[in-house]
Amino acid sequence: MINGLVQGISTACIAIGLIFWLWGTWPLLGSRSVLFKLHSLSVADTLGSMAIVVGLLLKIPREWPLLLLALIALAIWNTILGYVLAYCSQGDQPYD
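Summary of the structure given here. Being a predicted model, the structure only gives us computed values, none of them experimental.

1. Examining the overall build of the chain
Stage number 1. Of regular secondary structure, the chain possesses three helices and zero strands.
Stage number 2. Mapped in sequence order, the helices and strands of the chain form the string α-α-α.
Stage number 3. Against the 2.2 N^0.38 benchmark of 12 Å for 96 residues, the chain shows a C-alpha radius of gyration of 17 Å, more extended than a compact globule.
Stage number 4. C-alpha atoms of the chain, sized along the principal axes, occupy 60 × 30 × 15 Å.

Quick look at the structure:
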């Protein structure tokens, strides 16, 4: 009973992650600015990837150290990448 419930939650997390991936790709087709498109894509990609990793964590709990490291790396890497993109988009404007 419990094992089936965990497997169901795991499958749901992986499915939600895939939906986030597809949902984040949709704004790329719009006519908004490149930065808006990159922001939408990176946020949805991060959430989708993290949901997939949580789903895998529930499916194969013996690999929790590696999957926990993947979750932390996703959160840190995508946050830093967002700041780098924002900084690079500023151009040559001086900071006060």
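Continuing now.
2. Considering the layout of surface pockets
Stage number 1. Approximately 180 Å³ is the volume attributed to the largest pocket.
Stage number 2. Residue lining of the largest pocket: Leu35, Leu38, His39, Ser42, Val43, Thr46, Asn78, Leu81, Gly82, Leu85, Ala86 and Ser89, and that is the complete set.
Stage number 3. Every element with two or more residues in the lining of the largest pocket is listed here: helix H2 (34-59) and helix H3 (64-89).
Stage number 4. Residue classes in the lining of the largest pocket are distributed as six nonpolar, six polar and no charged.

3. What about the packing of aromatic side chains?
Stage number 1. Tallying each qualifying case throughout the model produces one aromatic pair.
Stage number 2. The cationic tip of Arg32 hangs over the ring face of Phe36; the distance from NZ or CZ to the ring centre is 4.0 Å.

4. With respect to H3
Structurally, the α-helix is built with 3.6 residues per turn, so residues lying three or four positions apart point the same way.
Stage number 1. The first and last C-alpha atoms of H3 sit 37 Å apart over 26 residues, in line with the 38 Å expected at 1.5 Å per residue.
Stage number 2. Taken together, the buried positions of H3 are occupied by Leu67, Leu71, Leu74 and Asn78.
Stage number 3. The secondary structure elements touched by the buried residues of H3 are H2.

Thresholds applied
Residues numbered from 1 in each chain as written. Predicted model: local features only at pLDDT ≥ 70, side-chain atom pairs only at ≥ 80, totals over all residues. Heavy atoms only, no water. Helix = DSSP H or I, 4+ residues; strand = E, 2+ residues; numbered from the N terminus. Rg over C-alpha atoms; globule rule 2.2 N^0.38 Å. 1 Å grid on protein atoms, 1.4 Å probe; cavity = no way out; pocket = protein on both sides within 12 Å on 5 of 7 lines; lining within 4 Å. Points joined across faces, edges and corners; volume = space filled by probe spheres on them. Nonpolar A, V, L, I, M, F, W, Y, C, P; charged D, E, K, R; others polar. Phe/Tyr/Trp six-rings, centres within 6.5 Å; stacked < 30°, edge-to-face > 60°. Lys NZ or Arg CZ within 6 Å of the ring centre and 35° of its normal. Expected span 1.5 Å × (residues − 1). Buried < 20%, exposed > 50% of the residue type's maximum accessible area, 1.4 Å probe, protein only. Contact = heavy atoms within 4.5 Å.

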